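Chain and residue survey
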Amino acid sequence: AQKITQTQPGMFVQEKEAVTLDCTYDTSDPSYGLFWYKQPSSGEMIFLIYQGSYDQQNATEGRYSLNFQKARKSANLVISASQLGDSAMYFCAMREPNTGNQFYFGTGTSLTVIP
Amino acid sequence: NAGVTQTPKFRVLKTGQSMTLLCAQDMNHEYMYWYRQDPGMGLRLIHYSVGEGTTAKGEVPDGYNVSRLKKQNFLLGLESAAPSQTSVYFCASKDGSLFNQPQHFGDGTRLSIL
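Residues numbered from 1 in each chain as written. Chains lettered and ligands numbered in written order. Predicted model: local features only at pLDDT ≥ 70, side-chain atom pairs only at ≥ 80, totals over all residues. Heavy atoms only, no water.

**Structural notes on the overall build of chain B**
Cut-off, in case you're wondering: The helix count covers DSSP runs of H or I at least four residues long, the strand count covers runs of E at least two residues long, and both are numbered beginning at the N terminus. Atoms considered for the radius of gyration are the C-alpha atoms alone. The globule rule reads 2.2 Å times the number of residues to the power 0.38. Buried means the residue's accessible area, taken with a 1.4 Å probe over protein chains only, is under 20% of the maximum for its type, while exposed means over 50%, and partly exposed covers the values in between. Contacts were defined at the residue level, with two residues in contact if any of their heavy atoms lie within 4.5 Å.
Scanning chain B for helices and strands turns up zero helices and eleven strands. Going residue by residue from the N terminus, the α and β elements of chain B occur as β-β-β-β-β-β-β-β-β-β-β. For 114 residues, the compact-globule formula gives about 13 Å, and the C-alpha radius of gyration of chain B, at 13 Å, lands near that figure. Principal-axis analysis of the C-alpha atoms places the extent of chain B at approximately 40 × 30 × 25 Å. Put simply, chain B has 114 residues, and 47% of those count as buried. Of the contacts made within chain B by residues no fewer than 6 positions apart, 53% connect residues no fewer than 24 positions apart.

Encoded structure:
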């Protein structure tokens with residue numbers, strides 16, 4: 001079974017609008033961490049935001065926020081006020097203690113911001 | 001700050017040739033990782049290391065070997081390259097002290113096997 005599932009291969013959003021990128025995960029470990037990365041066309045991987053399983057509040061970092069629904073095992077990334085520079089691939093990843101120090105990545109969502 | 005540096009950035013090999021990809025980090029991180037990225041597949045873990053002298057298999061280790069002789073370096077070897085190993089390879093490192101620390105990635109190595 002896939003540890004991380006990103007069901008949206010591609011998404012479009014109008015500039016200045018908000019967009020939600022979906023991520024669901026599969027784990028039986030009560031302790032885990034969820035990460036989102038951005039990969040622009042230049043190829044580098046850029047860390048965006050982290051959510052811990054025991055965190056009481058949804059994580060926020062500037063225009064990025066996480067809609068963390070623990071019971072549904074989802075950790076959707078919300079980008080507010082989209083900018084042209086947000087066009088990129090976005091990857092959700094999970095780390096869980098019982099698998100050592102491995103990170104599991106989803107297949108990614110390609111976001112295109114339309115002017 | 002250099003962060004994570006991968007060498008080379010591009011390489012074309014013939015089937016059966018061998019080569020080594022080098023990853024160097026200057027952040028004194030304990031953990032290092034090698035991934036491959038293929039279209040539609042996301043990042044898949046090949047091997048990883050939790051400290052100098054230790055390595056472990058990831059999701060797709062076949063056809064690859066690794067070594068971590070020095071804390072700052074993590075080498076990925078292809079003994080006999082195959083076309084199926086055409087991919088973009090990423091190295092990452094992580095501070096081992098805190099669970100919530102993200103991985104820091106290199107810029108990737110684009111490898112083509114003909």
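**Here we look at the sheet that holds strand 7 (residues 64–67) of chain B**
All names here are of chain B. To keep things clear, this is the line we draw: Pairing between strands is defined by DSSP: at least two bridges between them are needed. Axes here refer to lines fitted to C-alpha atoms; in helices the fit is confined to the stretch in contact. Angles between the N-to-C directions go from 0 to 180 degrees.
The antiparallel open sheet is built from four strands, whose spatial order is 1-3-8-7. Both outer strands of the open sheet, strand 1 (4–7) and strand 7, are each paired with one neighbouring strand and no more. Taking the axes of each pair of neighbouring strands and ignoring which way they run, one obtains an average angle of 20 degrees across the sheet.

**Some points on the pattern of salt bridges**
Residues and elements named next belong to chain B. Just so we agree on the cut-off: A side-chain nitrogen of Lys or Arg and a carboxyl oxygen of Asp or Glu constitute a salt bridge if their distance falls within 4 Å.
Scanning the entire structure with this criterion turns up five salt bridges over all chains. When the shortest N-O distance is used, the salt bridge between R36 and D38 registers 2.9 Å. The burial state of R36 is the same as that of D38; both residues are buried. Through salt bridges with shared partners, one network takes in R36, D38 and R44.

**A look at the nonpolar core**
Residues and elements named next belong to chain A. Just so we agree on the cut-off: Think of a nonpolar core as a cluster: buried Ala, Val, Leu, Ile, Met, Phe, Trp, Tyr and Cys residues, connected wherever their side-chain atoms sit within 4.5 Å.
Among the nonpolar cores identified, the biggest contains 25 residues, and W36, L77 and Y90 are the most heavily contacted of them. Secondary structure elements with two or more residues in this core: strand 3 (19–21), strand 5 (33–39), strand 6 (46–52), strand 8 (64–69), strand 9 (74–79), strand 10 (88–95) and strand 12 (109–114). Among the elements that line this core, the one with the most residues is strand 10, at four residues.

**Here's the deal with the side chain of S87 of chain B**
Residues and elements named next belong to chain B. Our working definition: Between N or O atoms, a polar contact is any pair within 3.5 Å; within protein, one atom must be a potential hydrogen donor and the other a potential acceptor, and residues adjacent in sequence are included only when both atoms are from side chains.
Mapped onto the elements of the fold, S87 is located in strand 9 (residues 87–94). Note on S87: relative accessible area 5%, which makes it buried. Of note is the side chain of S87, whose polar atom sits 3.0 Å from the backbone oxygen of Q37. Within the structure, the side chain of S87 is placed 2.8 Å from the side chain of D38, a separation counted as a polar contact. Not counting residues up to four positions away in its chain, the partners in contact with S87 are R36, Q37, D38, T109, R110 and L111.

**Thoughts on the interface of chain A and chain B**
For clarity, the cut-off: Simply put, the buried area is the total loss of 1.4 Å probe accessible area from both parts when two parts are fitted together. In this classification, the charged set is Asp, Glu, Lys and Arg, the nonpolar set is Ala, Val, Leu, Ile, Met, Phe, Trp, Tyr, Cys and Pro, and all remaining amino acids, among them Gly, are polar.
With 21 residues of chain A in contact, the opposing surface of chain B contributes 23 residues. Taken together, both faces of the contact between chain A and chain B bury some 1700 Å²; the carbon and sulfur share is 62%. Run the count over chain A and chain B and you get zero salt bridges. Counting every contact that joins chain A to chain B gives three residue pairs in polar contact (both at pLDDT 80 or more). Contributing elements (two or more residues each) for the side of chain A that touches chain B: strand 5, strand 6, strand 10 and strand 11 (103–105) of chain A. Per-element tally for the side of chain A that touches chain B: the top contributor is strand 5 of chain A, with four residues. Across the side of chain A that touches chain B, the residue classes tally to ten nonpolar, eight polar and three charged.

**Description of the state of the cysteines**
Selection rule: Note on terminology: disulfide denotes any pair of cysteine sulfur atoms within 2.5 Å.
According to the stated counting rule, one finds two disulfides over all chains in the structure shown. Note that C23 of chain A is cross-linked by a disulfide to C92 of chain A, the S-S spacing being 2.0 Å. Between C23 of chain A and C92 of chain A, the S-S dihedral sits near -65 degrees, and the bridge is therefore left-handed. Separated by 69 residues along the polypeptide, C23 of chain A in the loop between strand 3 and strand 4 (24–25) and C92 of chain A in strand 10 bring together distant segments of the chain. Of the two residues examined, C23 of chain A and C92 of chain A, each falls in the buried class. In this model, C23 of chain B is linked to C91 of chain B through a disulfide, with the two sulfur atoms separated by 1.8 Å. In this structure the cystine formed by C23 of chain B and C91 of chain B twists about its S-S bond by roughly -75 degrees; its chirality is therefore left-handed. Here C91 of chain B lies in strand 9 and C23 of chain B lies in strand 3 (residues 19–25), a separation of 68 residues in the sequence.

By themselves these figures say nothing about function.
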